[in-house]
Amino acid sequence: DSGVTQTPKHLITATGQRVTLRCSPRSGDLSVYWYQQSLDQGLQFLIQYYNGEERAKGNILERFSAQQFPDLHSELNLSSLELGDSALYFCASSRTGANVLTFGAGSRLTVL
Amino acid sequence: AQRVTQPEKLLSVFKGAPVELKCNYSYSGSPELFWYVQYSRQRLQLLLRHISRESIKGFTADLNKGETSFHLKKPFAQEEDSAMYYCALSHSGNTPLVFGKGTRLSVIA
């Protein structure tokens, strides 16, 4: 499958913990985007990487960080988790950053 | 700040009836507008973009800068159109999309 792959699909953890979400972009895509979807909220842009470098930053909390590795996969690190961090986290990729995005299936995070 | 508003959380129509999913935006420049769709048990995917001026699956959307709207329309709804629809905006080709909260379209047989 040459689409966007996200792992894990589901994750349940406790407040105060730290988790890492992983994303492999579609083959050939250089841009990776992270979005958060909470209950009753739309897709909130968190951060974008292009070919290993941070390109744009949205409403990403200081407790969250991300990076894109030389093989173009990306990781989103969420630390000191709070109940409100429970959400669906989407990764998307694009070839040129031109906003025609290919989305992953999402990682559902539940913080108890 | 850029903002996308989709006023309807849920829209129910009968099969064969016309559909209009509303999208309004706030941005003072020249935006790029998109519609993304998520069918049941599928991933979010691009439906159409205003610069393409194309019809996809019978859907069209016209950018109205005067009314700052980009409503999605289809003359005759089909059951397979039932899905979650998201309007999105970018103020240039390389800036991340700002999404609306989405409208769930339910087409009733």
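Above this text sits the structure in question.
Residues numbered from 1 in each chain as written. Chains lettered and ligands numbered in written order. Predicted model: local features only at pLDDT ≥ 70, side-chain atom pairs only at ≥ 80, totals over all residues. Heavy atoms only, no water.

1. Looking at the pairing of strand E6 (residues 45–49) of chain B
(1) Moving on: Pairing of strand E5 (residues 32–38) of chain B with E6 of chain B involves 4 bridges; the strand directions are antiparallel. Among the inter-strand pairings, Val 37 of chain B is bridged to a residue of E6 of chain B, identified as Gln 45 of chain B. (Pairing = 2+ DSSP bridges. Helix = DSSP H or I, 4+ residues; strand = E, 2+ residues; numbered from the N terminus.)

2. Points about the environment of Leu 72 of chain B
Residues and elements named next belong to chain B.
(1) Moving on: Tracing the sequence through the fold places Leu 72 in strand E8 (residues 72–74).
(2) Moving on: By relative accessible area, Leu 72 is classed as buried at 0%.
(3) Moving on: As a C-alpha pair, Leu 72 and Gly 102 span 30 residues in sequence and 12 Å in three-dimensional space.
(4) Moving on: In this structure Leu 72 touches Val 19, Glu 20, Leu 21, Trp 35, Leu 47, Leu 48, Phe 59, Thr 60, Ala 61 and Tyr 85, once residues within four positions along its chain are discounted. (Buried < 20%, exposed > 50% of the residue type's maximum accessible area, 1.4 Å probe, protein only. Contact = heavy atoms within 4.5 Å.)

3. Description of the sheet that holds strand E7 (residues 60–61) of chain B
Residues and elements named next belong to chain B.
(1) Moving on: In spatial order, the strands read E3-E8-E7; together these 3 strands make up an open sheet with antiparallel pairing. Two strands close off the open sheet at either side, each with one partner strand: strand E3 (19–21) and E7.
(2) Moving on: Note: E7 against E8, 2 bridges, orientation antiparallel. For Ala 61, the partnering residue across the bridge sits in E8 and is Leu 72.

4. As for the pairing of strand E2 (residues 10–14) of chain B
Residue and element names in this part refer to chain B.
(1) Moving on: Burial of E2 is one-sided: the residues Leu 11 and Val 13 facing one way are buried, the residues Leu 10, Ser 12 and Phe 14 facing the other way are not.
(2) Moving on: With 5 bridges connecting them, E2 and strand E11 (residues 103–108) associate as parallel partners. Each bridged residue has a counterpart across the sheet, and for Leu 11 the counterpart in E11 is Leu 105.

5. So, the packing of aromatic side chains
(1) Moving on: In this structure the tally under the stated criterion is 11 aromatic pairs over all chains.
(2) Moving on: Here Phe 103 of chain A and Tyr 36 of chain B contribute two aromatic rings whose centre-to-centre distance is 5.9 Å and whose plane-to-plane angle is 80°, an arrangement assigned as edge-to-face. With Phe 103 of chain A in strand E10 (residues 102–103) and Tyr 36 of chain B in strand E5, the pair connects residues from two separate chains. Accessibility classification places Phe 103 of chain A together with Tyr 36 of chain B in one group, the buried group.
(3) Moving on: Among the aromatic residues, ring-to-ring pairing joins Tyr 35, Phe 45, Phe 90 and Phe 103 of chain A together with Phe 34, Tyr 36, Tyr 86 and Phe 99 of chain B into one connected group. (Phe/Tyr/Trp six-rings, centres within 6.5 Å; stacked < 30°, edge-to-face > 60°.)

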